[in-house]
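# Structural overview for review
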Amino acid sequence: MKYVTLPGGEVVPSLGQGTWKMGERAERRSDEIAALRAGVELGMTLIDTAEMYGDGAAETLISEALGSVRDRLFIVSKAYPQNASRSRLAGACEASLKRLGTDRLDLYLLHWRGSVPLAETIEAMEALKSAGKIRYWGVSNLDTDDMDELVAAGGDGCVTDQILYNLVRRGPELDLLPWLAQHKVPVMAYSPVEQGRLSSHPALDKVTSRVGATPAQVALAWTLRHDGLIAIPKASSIAHVRENRAAADIVLSDADLATLDAEFPRPRDRRPLEML
């Protein structure tokens, strides 16, 4: 598995674990807990969640599943945009910390942009960092013009932009990914398999037969090929976690990449950053 170095020198695995829709159904809880634990044992120690996920249910699940190995983890959570103000962010952070059963977040993100000025969110994030409640902060779903504004507002402390990026969402390649690379801000790609829809996409068949992998593994390996990129697929079973982990070791050839470019061409013109 590759690793990504965050601004400041922190090294994290390029393949983490997402938790969207986890912790919401009692009949799946034991499988989800087992999946998270298996992922950590396989080196997928970056865990992504948000206060929005099940109204905190995913954060509570993480505490139950991984509380005993907290010091091995790099926990990422996200705040609602309406909570990203000077008066509300500290409270939102404390609620997440309580649900996660920890005294600090390794990375705290603005989930998407709302009406709170970016300068105010930066101030609130830096205050949490100074207080030891978070170690790093970043953003999610911010496009190139938003990132320009963030930097202009004093946001040099931002360590990532978590965005929707996969084979069928290649718009960021036109301007956002180059901007992030130029500013040395790592990318965190959510839904790298398009919420599972790429798992059965017939256009992947030509590559899967050559590589000897599943369509989902090829799609994930394509995303992970980028340096400075962290992918956070969700897996709710041990088998799915193992499938994801194996994808991190797949090396796609130039011929494979050319085939995928032909089947999933990047857009010709810039388009606004997409969200799920």
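Just so you know, these numbers come straight off a predicted model, no measurement behind them. (Residues numbered from 1 in each chain as written. Predicted model: local features only at pLDDT ≥ 70, side-chain atom pairs only at ≥ 80, totals over all residues. Heavy atoms only, no water.)

## Regarding the nonpolar core
- Membership of the largest hydrophobic core comes to 70 residues, with the highest contact counts inside it found for Y108, M147 and L260.
- If one sorts the elements of this core by residue count, helix α8 (residues 215–224) sits on top with seven residues.
- Apart from the residues lying within four places of it in its own chain, the contact partners of M147 are V139, L142, C158, D161, L176, W179 and L180. (Core = buried A, V, L, I, M, F, W, Y, C linked by side-chain atoms within 4.5 Å. Buried < 20%, exposed > 50% of the residue type's maximum accessible area, 1.4 Å probe, protein only. Helix = DSSP H or I, 4+ residues; strand = E, 2+ residues; numbered from the N terminus. Contact = heavy atoms within 4.5 Å.)

## Re the packing of aromatic side chains
- Per the counting criterion, the structure on display carries four aromatic pairs.
- Positioned over the ring face of W222 is R225, at 4.2 Å from the centre of the ring. (Phe/Tyr/Trp six-rings, centres within 6.5 Å; stacked < 30°, edge-to-face > 60°. Lys NZ or Arg CZ within 6 Å of the ring centre and 35° of its normal.)

## Quick look at the sheet that holds strand β5 (residues 105–110)
- Overall, parallel pairing links the seven strands, which are arranged β3-β4-β5-β6-β7-β8-β9 in an open sheet. Every interior strand has two partners, whereas the edge strands, β3 (46–48) and β9 (229–231), have only one. Put simply, the sheet's adjacent strands are angled 25° from each other on average, direction ignored.
- The pairing of β3 with strand β4 (residues 74–79) spans three bridges and is classified as parallel. Within β4, the position partnered with D48 by the bridge is V76. (Pairing = 2+ DSSP bridges. Axes fitted to C-alpha atoms, helices over the stretch in contact; angles between N-to-C directions.)

## Overview of the environment of M44
- Within the fold, M44 resides in the loop between α1 (29–41) and β3.
- Of the residues examined, M44 reaches a relative accessible area of 1% and is grouped as buried.
- Spatially, the C-alpha atom of M44 lies 22 Å from that of G54, the residues being 10 residues apart in sequence.
- Residue contacts for M44: discarding those within four places in its chain leaves M1, L15, G16, Q17, G39, V241, N244 and R245.

## Remarks on α8
- Of all 10 residues in α8, 10 are buried, a share of seventy percent or more.
- When we look at burial in α8, the residues that qualify are P215, A216, Q217, V218, A219, L220, A221, W222, T223 and L224.

## Side note on the pairing of β4
- Most of β4 is tucked away, with six of its six residues classed as buried.
- Neither face of β4 is exposed, since F74, V76 and K78 on one face and I75, S77 and A79 on the opposite face are all buried.
- In this region the chain leaves β3, passes through helix α2 (residues 57–66) and returns to the parallel neighbour β4; the handedness of that crossover is right-handed.
- Sheet topology note: the β4/β5 ladder contains four bridges and is parallel. Bridge pairing in β5 places S77 opposite Y108. (Right-handed = clockwise from strand over helix to strand, strands pointing away.)

Keep in mind these values describe shape, not function.
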